[in-house]
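Coordinates in review
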Amino acid sequence: MDNLNIATVYTGNNCTGEPIMIPVMPVRPELARAYVPYQLYNKIFSAQESLKKGTVFPELVK
Amino acid sequence: MWFYDKKTQYPIKIKKPDPRMAIAILTQYGGPNGELAASLRYLSQRFSMPTKEAKATLNDIGTEELAHLEMIGTMVHQLMDKVPPKELEKLHVDTNYVIHGRAVYPSDSNGVPFTAAYIESMEDPIANLNEDLAAEEKARATYDYLISIADDPDVIDPLRFLREREVVHYQRFGETLRIVRETMGKKKYY
Ligand SMILES: [Fe+2]
């Protein structure tokens, strides 16, 4: 994943706030910090497949 | 407040009893890396979270962990149900039987009762979220161990589902950690 990819993060409670655009990883990561990239939303599984897999997001199947 | 749905999050229909597997899985009910600990941890930590996103994430995941507690309880019950006492003795799960019968009690697999000492809730949201990331990995590892000793697909499938949920939760806590840090730091993004 390219660190400069831009993710859309839906803010607020239940994602009802403003969507913000943010790099998936910090442009200048700091030492002594843990980072997980923001997810980029692409394709999703069907409902049946999601129940079997435990997630609707193919990229999160690990 | 909560709404209750009269079904488990993932269907559980175990046809073959397996008391030893029941006791193994019991640790995800009341053990150190179990679903009760996860739920109480997140639902307690949410109050001191500094952003709406962080509060909502802890609330949603803490709620889902309660649904997982119900799944685990259902599995333990179905694996133990109606197994004759003599059979339990042969399988070396009789010590559990003489204390609780075939009931589902929140302990780990060795019978150590659940304790809130398994979890922490601090005012510092960064400390909490780092604990939460670790908790998800420990739960994921426990499900890997359980899957490695299971052989019935009726048991393995729900365990796989629960394992994958821990992976998804890890991702969400990681994103939450960044939202919280970036909001607290008021750096140039968000
Ligand atoms: Fe979890």
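Just above sits the structure.
Residues numbered from 1 in each chain as written. Chains lettered and ligands numbered in written order. Predicted model: local features only at pLDDT ≥ 70, side-chain atom pairs only at ≥ 80, totals over all residues. Heavy atoms only, no water.

**Let's talk about the packing of aromatic side chains**
Applying the stated criterion across every chain yields a total of four aromatic pairs over all chains. Here Tyr10(B) and Phe161(B) contribute two aromatic rings whose centre-to-centre distance is 4.8 Å and whose plane-to-plane angle is 40 degrees, an arrangement assigned as tilted. A residue pair is termed long-range when its members are at least 10 positions apart, and Tyr10(B) in the segment before helix H1 (19–30) and Phe161(B) in helix H7 (residues 153–185) qualify at 151 residues. For Tyr10(B), a relative accessible area of 10% corresponds to the buried category. Accessibility expressed as a relative area gives 4% for Phe161(B), which makes it buried. The positively charged end of Lys53(A) is found above the aromatic ring belonging to Phe45(A), 4.7 Å away from the centroid. (Phe/Tyr/Trp six-rings, centres within 6.5 Å; stacked < 30°, edge-to-face > 60°. Helix = DSSP H or I, 4+ residues; strand = E, 2+ residues; numbered from the N terminus. Buried < 20%, exposed > 50% of the residue type's maximum accessible area, 1.4 Å probe, protein only. Lys NZ or Arg CZ within 6 Å of the ring centre and 35° of its normal.)

**Things to note about the pattern of salt bridges**
Residues and elements named next belong to chain B. Taken as a whole and assessed by the stated rule, the structure comprises 13 salt bridges over all chains. Note that Glu64 is salt-bridged to Arg165, the shortest N-O span being 2.7 Å. Within this pair, whereas Glu64 is found in helix H3 (residues 52–80), its partner Arg165 is found in helix H7, the two being separated by 101 residues in sequence. Side by side, Glu64 and Arg165 carry an identical accessibility label, which is buried. Linked through salt bridges whose partners overlap, the residues forming this network are Glu137, Arg140, Asp144 and Arg163. (Salt bridge = Lys/Arg side-chain N within 4 Å of Asp/Glu carboxyl O.)

**So, the interface of chain A and chain B**
The interface of chain A with chain B comprises 30 residues on the first partner and 27 residues on the second. Around 2,400 Å² of area is buried between chain A and chain B when both sides are counted, 57% of it from carbon and sulfur atoms. Here chain A and chain B share zero salt bridges between them. The interface formed by chain A and chain B holds nine residue pairs in polar contact (both at pLDDT 80 or more) in total. Looking at the side of chain A that touches chain B, the elements that each hand over two or more residues are strand S2 (19–23) and helix H1 (47–53) of chain A. Element by element, the count of residues in the side of chain A that touches chain B is highest for S2(A), at three residues. Looking at the side of chain A that touches chain B, its residues break down into 18 nonpolar, seven polar and five charged. (Contact = heavy atoms within 4.5 Å. Buried area = accessible area lost by both parts, 1.4 Å probe. Polar contact = N/O pair within 3.5 Å; in protein donor to acceptor, adjacent residues only side chain to side chain. Nonpolar A, V, L, I, M, F, W, Y, C, P; charged D, E, K, R; others polar.)

**Points about the coordination of the iron ion**
All names here are of chain B. Bound to the iron ion on the protein side are Glu65 (OE), Glu136 (OE), Glu136 (OE), Glu166 (OE) and His169 (ND1), at distances that span 2.1 to 2.7 Å. As a motif over one chain, the donors of the iron ion read E-x70-E-x29-E-x2-H. In this pair, Glu65 sits in helix H3 while Glu136 sits in helix H6 (residues 125–149), placing the two residues 71 residues apart along the sequence. Exposure class is identical for Glu65 and Glu136. Each is buried. (Donors = N, O, S within 2.8 Å, 3.2 Å for Na, K, Ca; no water.)

**Topic: the nonpolar core**
Residues and elements named next belong to chain B. In terms of nonpolar packing, the biggest core is built from 30 residues, with Met21, Ile25, Val155 and Leu159 touching the most fellow members. Listed by contribution, the elements that provide at least two residues to this core are H1, H3, H6 and H7. The residues touching Ile25, leaving out its near neighbours within four places in the chain, are Ile72, Met75, Val76, Leu79, Leu146, Val155 and Leu159. Of all hydrophobic cores here, the second largest spans 13 residues; its members include Ala38, Ile61, Leu129 and Leu177. (Core = buried A, V, L, I, M, F, W, Y, C linked by side-chain atoms within 4.5 Å.)

**Comments concerning H6(B)**
An α-helical turn contains 3.6 residues, so a residue and the one three or four places further along point in the same direction. Taking 1.5 Å as the rise per residue, H6(B) with 25 residues should run 36 Å; its terminal C-alpha atoms sit 36 Å apart, in good agreement. With a side-chain oxygen lying 2.9 Å from the backbone nitrogen of Ile126(B), the N-terminal cap of H6(B) falls on Asp124(B). (Expected span 1.5 Å × (residues − 1).)

**As for the environment of Thr8(A)**
Residues and elements named next belong to chain A. Along the chain, Thr8 falls in strand S1 (residues 6–10). The spatial distance from the C-alpha of Thr8 to the C-alpha of Tyr41 is 8.3 Å, given a sequence separation of 33 residues. Ignoring anything within four residues of it in the chain, the contact list for Thr8 reads Pro19, Ile20, Met21 and Tyr41.

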